[in-house]
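Geometric and topological summary
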Amino acid sequence: MGFRRSKPTGRPGEWFYCIKHGKVEEGPECPAKDRLGPYATREEASHALETAELRNREWSNDPRWNDRSEDAPEE
């Protein structure tokens, strides 16, 4: 018994950015592991990498996501 490839999930009208191929796609083309999205428009999907970078910077500076220092008392 071999491995079965799973079908990509998504629908026409949903836009994704494929990080493997570096392109915007509509609906299910590439596997979910290779995509960012879904986005409402092609334009939003075309800026997926910039959006991810911005969110990563915001989250890395968010005190709710940072580990407590070892000196901090437990709550």
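Residues numbered from 1 in each chain as written. Predicted model: local features only at pLDDT ≥ 70, side-chain atom pairs only at ≥ 80, totals over all residues. Heavy atoms only, no water.

All right, on to the pairing of strand β2 (residues 23–26) then. Here strand β1 (residues 15–18) pairs with β2 via 4 bridges, running antiparallel. From the neighbouring strand, Cys-18 faces β2, where its bridge partner is Lys-23. (Pairing = 2+ DSSP bridges. Helix = DSSP H or I, 4+ residues; strand = E, 2+ residues; numbered from the N terminus.)

Moving on: the sheet that holds β2. Spatially, 3 strands are ordered β2-β1-β3 in an open sheet, and the strand pairing comes out antiparallel. Since the sheet does not close on itself, it has two edges, and those belong to β2 and β3 (35–39), each with one partner. Ignoring strand direction, the axes of neighbouring strands in this sheet form an average angle of 25 degrees. The pairing of β1 with β3 spans 3 bridges and is antiparallel. (Axes fitted to C-alpha atoms, helices over the stretch in contact; angles between N-to-C directions.)

This part is about the packing of aromatic side chains. Tallying each qualifying case throughout the model produces 0 aromatic pairs. The ring of Phe-16 has Arg-35 sitting right over it, with the charged end atom 4.0 Å from the ring centre. (Phe/Tyr/Trp six-rings, centres within 6.5 Å; stacked < 30°, edge-to-face > 60°. Lys NZ or Arg CZ within 6 Å of the ring centre and 35° of its normal.)

Let us look at the nonpolar core. Side chains of nonpolar character tend, in soluble globular proteins, to be buried together. If you look at the biggest cluster of nonpolar residues, it comprises 6 residues: Trp-15, Tyr-17, Val-24, Tyr-39, Ala-45 and Ala-48. Apart from the residues within four sequence positions on either side, Ala-45 is in contact with Trp-15, Phe-16, Tyr-17, Val-24 and Tyr-39. (Core = buried A, V, L, I, M, F, W, Y, C linked by side-chain atoms within 4.5 Å. Buried < 20%, exposed > 50% of the residue type's maximum accessible area, 1.4 Å probe, protein only. Contact = heavy atoms within 4.5 Å.)

The final tally for this structure, using the stated rule, is 4 salt bridges. A salt bridge links Lys-33 to Asp-34, with the nearest nitrogen and oxygen atoms 3.4 Å apart. Look at Asp-34 and you get buried, because its relative accessible area is 10%. With a shortest N-O distance of 3.3 Å, Arg-57 and Glu-53 are connected by a salt bridge. Residue Arg-57 and its partner Glu-53 are both found in helix α2 (residues 48–60); the two are separated by 4 residues, about one turn of the helix. Owing to a relative accessible area of 40%, Glu-53 belongs among the partly exposed residues under this scheme. (Salt bridge = Lys/Arg side-chain N within 4 Å of Asp/Glu carboxyl O.)

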